[in-house]
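An overview of the molecular structure
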Amino acid sequence: MHLTKVEILNQDIDPEGNTPSHYRMLVNKKHFKYITIDPGIYEVDDLCFPPILLEKLPPFPEGDWNCGRISQTAGSPTPFFAETFKENLSSINPLWHSKSYQYLSFGIGERLRSNVYMASSPQFEKPIVAKFARFHWEIGYYIAETQAYSWIEGHNIGPEFLGYLTEDGRVIGFLIEYVEGHHATISDLPACEAVVRRLHGLGVLHGDLNRHNFLISERGAILIDFETAKQSGNTEVMEREVEGLKGQL
């Protein structure tokens, strides 16, 4: 398999080079491969720079596999695939929305925050936002958040939830509308309080209110990032969340 057909989509690298490095790769524009590289094989600068790293990787084995590990032995300094295997990678569930879209049907653009990207597709007239787990151990971050969107659906509290993002049939993330706006300042306190009280009225705590988790748009304050949201009937905790807003803004 020729290396020009391999793309590095995402990477998770130890800057000290003491632990394995992890990569999400795309082979031949259609096969996702999760590659672990043992420490000490390549320089950290090379690990961080895909064009150089791709030139140094060993040939990819043929076959139906999605996980592999690149290693090296004292007797054979040339890096090689020590193992390849097919793993049933975790998926976000339970699911509540009816629509899902394949990752490969999107152009993934500018990175907005960790694991959050602008995205585009002929299926959508406007740019949208894709939020997804790059690696299987990040799936848990988004299980609660996808559920939170079901609780706020139709209440003008957060961005519109557009559907799930899938890879090889498993759900790795979700798509939301792109909201044009700026992060909140103290002058936006009344609008922020209003949207938080709407959220609390549904029996939901946000759990991470700060100025970066509000977008002030033409339709008012919009809440984002529901990773820590949970259902609650504790009115005292809800009131403390509102009271803490002023300090956060």
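Below, the structure is looked at part by part. (Residues numbered from 1 in each chain as written. Predicted model: local features only at pLDDT ≥ 70, side-chain atom pairs only at ≥ 80, totals over all residues. Heavy atoms only, no water.)

A few points about the sheet that holds strand β14 (residues 214–217)
- Strand order in the open sheet made by the three strands is β12-β14-β15, with antiparallel pairing throughout. The sheet is open, and its two edges are formed by β12 (182–183) and β15 (220–223), each paired on a single side.
- Bridging between β14 and β15 involves four bridges; their strand directions are antiparallel. Following the sheet pairing, Leu-215 is matched in β15 by Ile-222. (Pairing = 2+ DSSP bridges. Helix = DSSP H or I, 4+ residues; strand = E, 2+ residues; numbered from the N terminus.)

Quick notes on the packing of aromatic side chains
- Across all of its chains, the model carries 18 aromatic pairs by this definition.
- For the pair Tyr-149 and Phe-174, a centre-to-centre distance of 5.5 Å together with 55° between the ring planes defines the contact as tilted. With Tyr-149 in helix α3 (residues 139–152) and Phe-174 in strand β11 (residues 170–177), this residue pair connects regions lying 25 residues apart in the sequence.
- Judged by centre distance (5.3 Å) and plane angle (70°), the ring pair of Tyr-149 and Phe-226 falls under edge-to-face. Taken together, the residues span a long stretch of sequence, with Tyr-149 in helix α3 and Phe-226 in the loop between β15 and β16 (230–231) at a distance of 77 residues. With respect to burial, Tyr-149 and Phe-226 carry one shared label: buried.
- Put simply, the rings of Trp-96, Tyr-149, Phe-161, Tyr-164, Phe-174 and Phe-226 touch in pairs and so form one group of aromatic residues.
- One residue, Arg-24, lies across the ring of Tyr-103, its end atom 4.3 Å from the ring centre.
- Residue placement shows Lys-33 over the ring face of Trp-65; its charged tip is 4.1 Å from the ring centre. (Phe/Tyr/Trp six-rings, centres within 6.5 Å; stacked < 30°, edge-to-face > 60°. Buried < 20%, exposed > 50% of the residue type's maximum accessible area, 1.4 Å probe, protein only. Lys NZ or Arg CZ within 6 Å of the ring centre and 35° of its normal.)

That is the geometry; function is a separate question.
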